[in-house]
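Given next are the chains, with one letter for each unit.
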Amino acid sequence: MHLPLPLRLALTFFLLCVTYFTEAQGLKIDRINPTNWFVGMKNQQVQLLMHGPNIKGTKVKVTYPGVFVERVQTVENPNYIIVDLTIASAAQAGTIQLQCTKIFPITEKRQNATVISGGREVTITVPYELKARTAKPQTVSSRDLVYLLLPDRFANGDPTNDQFSDLADTQSDRNNPFLRHGGDLQGIIRNLDYFKDLGVTTLWLNPVIENDQALTDEGGTRRSAYHGYAFTDHYNVDKRLGGNEAYLKLIKTAHEKGLKIMQDAVYNHVGNRHWIVRDLPSKDWLNQWPEYQNTSYKDQPVVDPYASKQDRKISQDGWFTSFLPDWNHKNPFVANFLIQHALWTVEYFGIDAWRVDTYFYNHLEFMNTLNQRLLEEHPNLYICGENWVNNVPNQAYFVKNNLSVPWKSNLPGAIDFQLYFATNESLNQSNNRWYDLLGQDILYADASRNLIFLDNHDLDRYFSVIGEDFNKYKMGITFLLTTRGIPQLYYGTEILMKNFKNPTDAEVRKDFPGGFPGDPSSKFTANGRTPAENEAFNFVRTLARYRQQSTALQTGKLTHFLPQDGIYAYFRHDSQGKVMVLLNSSKETKSISTDRFSEVMNGVSTARNVLTGATLSSLKQIQVLPWSSLVLELH
Ligand SMILES: [Ca+2]
Ligand SMILES: [Ca+2]
């Protein structure tokens, strides 16, 4: 075929244009976070973080009733655009089409320079779902009993998901305390009746979000992120736990059985293999330092009116570890990313409460905003924060409080480390420290919202701390289930699991016996438990179940009396009833006269021993055995 000269020249020019394309010829969006959103939110704004190779400059249009693109923002990294949408209250659930258009420049070489000679417009359509809201979180309160468990270490309900070759950590080995053991959400689902039987109402799971982290070197050993505190993709539950589907199933099944779910949130830091960290939108998404700066782990500079700015900055902006980068919450994109994930989690999964990790390490204004956004959507949502501090004023500072201070926290509940310390002292030094400690509740706006505990995943196990003394064990359990606050048990405490964190945390995070294939016995059943384990289990269950039907113990007023002669006496009482608790932390049997309790005991003549069922026909003098507790329902 012979073309006329002008046509031949034109074709040559066109081919040159194609040859000298310097930009990607396609437009691709590989991620959008949040992965979906909801109609009918009180706050009508949502900010989509969109990622794809060199998408900077992309325009976004939406044609959908009630949905408007407010603006498209760019950041340093050309692999992102950030799209602000308004979703008006009239908008209906459905799939919107994000029409993304980018003009790719066409360049050509003219003499020694490359010049743009035209543009090629590429449009793609990305579906994005707006779901209807269905979540109705039930509040967690002092009516509840919370059970904390570590999903990798509790029960393996699906051995096919123990390890994956496409993850950074491909191993699973129950013989190695630092590797993953294969526990998962299906294992928890399988044992929901165990919690019901024990009198538990709420499960707090250590984090379930994907931790696609490589093994790290810590103290000369290779360790996995089996604990879950190093997120790598906020919108996916770890597939070794069963993924989003298993989490949805757990929550649905738990709710059907009358159990609630509290999720563990980590806003302070993130896994160094998080997809955002590996391709940062801009450097200031993380708190950056000229050289690596670890946090000092100190709360005092955060509270202290005399603290140096540098000390405070190191506490809050220093990194938790070198492989847990610290989010910069002062960057509004980061703040939105984390706040929206919290809101999304409540709506998408239907969780009932939040426990917030490493609270004071976060920018505190950001935390107030986050709490407020959650409470705007769900006013009854329970949120408690971990502040591992050493005195009541500092603990109160980070929750709603009665302090006159320039910055006021709006966090509903404290994780009550001070009462934990006081309980250990009371049991190991016989000093009834719990009496003095509770007196300092004047500093909290509402101490009944504090989460109280005997141990958790970061602490020596309770049974070891009290020298494996079964009498002390019962006293501590009695106190936990009868004083003010929201009691929390750590998995295995009910079956006398023990150990100190020596040499490492892994010692207090052992597998729940019977949760894993091949276990020689199952502590989930009375038959598999030893007599001592059954005695412990039954003790917890008796009190937990009694508590479930005693409004006095759940929400009644607490009146306590000055400890005398080693006896700490207190009452929980309301219009429905009165419960008397006597704790004898001395080596002798004590016979106490009840005359001085008349302001509460007025009109009371008999009592039932809640733990034994025995009736006491006279209450003038009550005998309390050495190192023992009495819980009496007064009539
Ligand atoms: Ca498994
Ligand atoms: Ca921080």
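A quick note: this is a predicted structure, and the numbers were derived from the prediction, not measured.

Focus: the packing of aromatic side chains
So, step 1. For the coordinates displayed, the defined rule picks out 47 aromatic pairs.
So, step 2. Plain terms: the ring middles of Y292 and W319 are 6.0 Å apart, the flat faces sit at 90 degrees to each other, and that makes the pair edge-to-face. Pair noted here: Y292 is in the loop between β15 (260–265) and α6 (300–303) and W319 is in the loop between α7 (309–317) and α8 (332–349), with a separation of 27 residues, a long-range link.
So, step 3. For Y292, a relative accessible area of 43% translates into the label partly exposed.
So, step 4. For W319, a relative accessible area of 14% gives the class buried.
So, step 5. Of the aromatic side chains, those joined through ring pairs into one cluster are Y147, F154, Y194, F195, Y490, Y491, F512, F524 and F537.
So, step 6. In this arrangement the basic side chain of K239 is found over the ring face of F164, its NZ or CZ atom lying 4.6 Å from the centre.
So, step 7. Above the face of the W627 ring, K472 is positioned so that its terminal group lies 4.9 Å from the ring centre.

Remarks on the coordination of the calcium ion (ligand 1)
So, step 1. Coordination of the calcium ion (ligand 1) by the protein is provided by N156 (OD1), D158 (O), N161 (OD1), D162 (OD), G182 (O) and D184 (OD), with metal-donor distances spanning 2.3 to 2.6 Å.
So, step 2. With six donor atoms in place around the calcium ion (ligand 1) and angles of 63 to 165 degrees between them, the coordination shape is irregular.
So, step 3. Summarised as a motif, the one-chain spacing of the donors to the calcium ion (ligand 1) is N-x1-D-x2-N-D-x19-G-x1-D.
So, step 4. Residue classification places D162 among the buried residues on the basis of a relative accessible area of 13%.

Some details on helix α11 (residues 417–429)
Because the α-helix completes a turn every 3.6 residues, residues three or four places apart line up on one side.
So, step 1. Over its 13 residues, α11 extends 18 Å from the first C-alpha to the last, a length consistent with the 18 Å expected when each residue adds 1.5 Å.
So, step 2. Turning to α11, its buried residues number three or more, namely F417, Q418, L419, Y420, A422, T423, N424, S426 and L427.
So, step 3. Those residues of α11 hidden inside the fold are in contact with α10 (392–397), α12 (433–439), β19 (451–453), α13 (462–465) and α14 (470–482).
So, step 4. Just downstream of α11, S430 is the residue with a positive phi angle, here 50 degrees.

Concerning the nonpolar core
So, step 1. Residues L98, Y147, F195 and Y247 are the most contacted members of the largest nonpolar core, which totals 172 residues.
So, step 2. Counting residues per element, this core draws most heavily on α8, which supplies eleven residues.

Definitions and cut-offs
Residues numbered from 1 in each chain as written. Chains lettered and ligands numbered in written order. Predicted model: local features only at pLDDT ≥ 70, side-chain atom pairs only at ≥ 80, totals over all residues. Heavy atoms only, no water. Phe/Tyr/Trp six-rings, centres within 6.5 Å; stacked < 30°, edge-to-face > 60°. Helix = DSSP H or I, 4+ residues; strand = E, 2+ residues; numbered from the N terminus. Buried < 20%, exposed > 50% of the residue type's maximum accessible area, 1.4 Å probe, protein only. Lys NZ or Arg CZ within 6 Å of the ring centre and 35° of its normal. Donors = N, O, S within 2.8 Å, 3.2 Å for Na, K, Ca; no water. Tetrahedral: all angles 85-135°; square planar, octahedral: opposite > 155°, others 65-115°. Expected span 1.5 Å × (residues − 1). Contact = heavy atoms within 4.5 Å. Core = buried A, V, L, I, M, F, W, Y, C linked by side-chain atoms within 4.5 Å.

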